[in-house]
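Chain and residue survey
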Amino acid sequence: MRIPFSQIDAFADVPFAGNPAAVMPLSTWLDDATLQAIAAENNLSETAFLVPDASGQADFELRWFTPASEVRLCGHATLASGHFVLSSGEPRDAVRFRTRQAGILTVTRVGAGYELALPAWKPESKSLPDVVAALGVGDVVETLWREGGYGVVVLSSEAAVRAVQPDFRALAATGEHQAIVTARGDTADVVSRVFVPAFGIDEDPVTGSAHAVIVPYWAEALGRDTFTAYQASERGGRLTCRLDGDRSVLGGKCITVIEGTFLLP
């Protein structure tokens, strides 16, 4: 079986920045074990699989797999999937994806880039002592939690965010969740980094799902619904952020860096 394969850098203005995702369109779903094996073979933070949606609710069904497991929401691979669809086939300005745990997600063409509407998942105050200890941070402003596996540690500065050096084994032992460190920024309104060692990824380069959580937090903290964000990983990624009712709307560009065929025996 030959499966089309595109590797796309999402939230990137230039190649080799942002977060790479594999996008693979299918005619029908393969079994879950095969999907997981393909994602492990790709060895990217996410592989997105698309199947035409027969329900009429959206254009495509969409699922995301890390090298280790399926996830409930992935923003950068959704943006990459939108880029894949909107850059090929008949001209259109938007595409809708039906997901299994995050509802209907829409990617819309805006100028030279795209906007991705994700759920706005506001976190609530919660003590996270084991996560803070594993991150090795001491200048904590507050800690928060969002059901579904999103821990947020707010630090005092961008410099503090950039300086975080987690104990990844200890962090993985705290459970299957994202550990998000964030602060008011110098290079953007908000900066962050995201660590997910329990899912086989020590540090994720640019994480849309994390911004689904921190956008409502920072909109309230900054006192405005629109702001800029930078995820300060080694690759780095820039986003525009907007809180629109119950949606966290993220803006960014995508660049296709590889196109080819995956050969499945």
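Please read these numbers as outputs of a predicted model, since none were measured by experiment.

Analysis parameters
Residues numbered from 1 in each chain as written. Predicted model: local features only at pLDDT ≥ 70, side-chain atom pairs only at ≥ 80, totals over all residues. Heavy atoms only, no water. Helix = DSSP H or I, 4+ residues; strand = E, 2+ residues; numbered from the N terminus. Buried < 20%, exposed > 50% of the residue type's maximum accessible area, 1.4 Å probe, protein only. 1 Å grid on protein atoms, 1.4 Å probe; cavity = no way out; pocket = protein on both sides within 12 Å on 5 of 7 lines; lining within 4 Å. Points joined across faces, edges and corners; volume = space filled by probe spheres on them. Nonpolar A, V, L, I, M, F, W, Y, C, P; charged D, E, K, R; others polar. Salt bridge = Lys/Arg side-chain N within 4 Å of Asp/Glu carboxyl O.

1. Considerations on the environment of alanine 173
- Tracing the backbone shows alanine 173 in the loop between α5 (168-172) and β12 (178-184).
- Residue class for alanine 173 comes out exposed when judged on its relative accessible area of 66%.
- On a C-alpha basis, the gap between alanine 173 and alanine 134 in space is 9.1 Å, while along the polypeptide they are 39 residues apart.

2. Digging into the layout of surface pockets
- Here the largest pocket is characterised by a volume of approximately 280 Å³.
- Taken together, 23 residues make up the lining of the largest pocket; nearest its centre are Val71, Leu73, Gln178, Phe199 and Ser209.
- Listed by contribution, the elements that provide at least two residues to the lining of the largest pocket are β5 (70-71), α2 (75-86), β13 (190-196), β14 (201-204) and α6 (208-222).
- Taken together, the residues that form the lining of the largest pocket break down as eight nonpolar, ten polar and five charged.

3. With respect to the pattern of salt bridges
- On inspection of all chains with the given rule, the structure shows 13 salt bridges.
- For aspartate 32, the salt bridge identified is with arginine 63, shortest N-O distance 3.1 Å. With aspartate 32 in helix α1 (residues 32-42) and arginine 63 in strand β4 (residues 60-65), this residue pair connects regions lying 31 residues apart in the sequence.
- Residue glutamate 70 is joined to arginine 63 by a salt bridge in which the shortest nitrogen-to-oxygen separation is 2.8 Å.
- Among the residues examined, glutamate 70 registers a relative accessible area of 32% and is labelled partly exposed.
- A single salt-bridge network, built from bridges that share partners, covers Asp32, Arg63 and Glu70.

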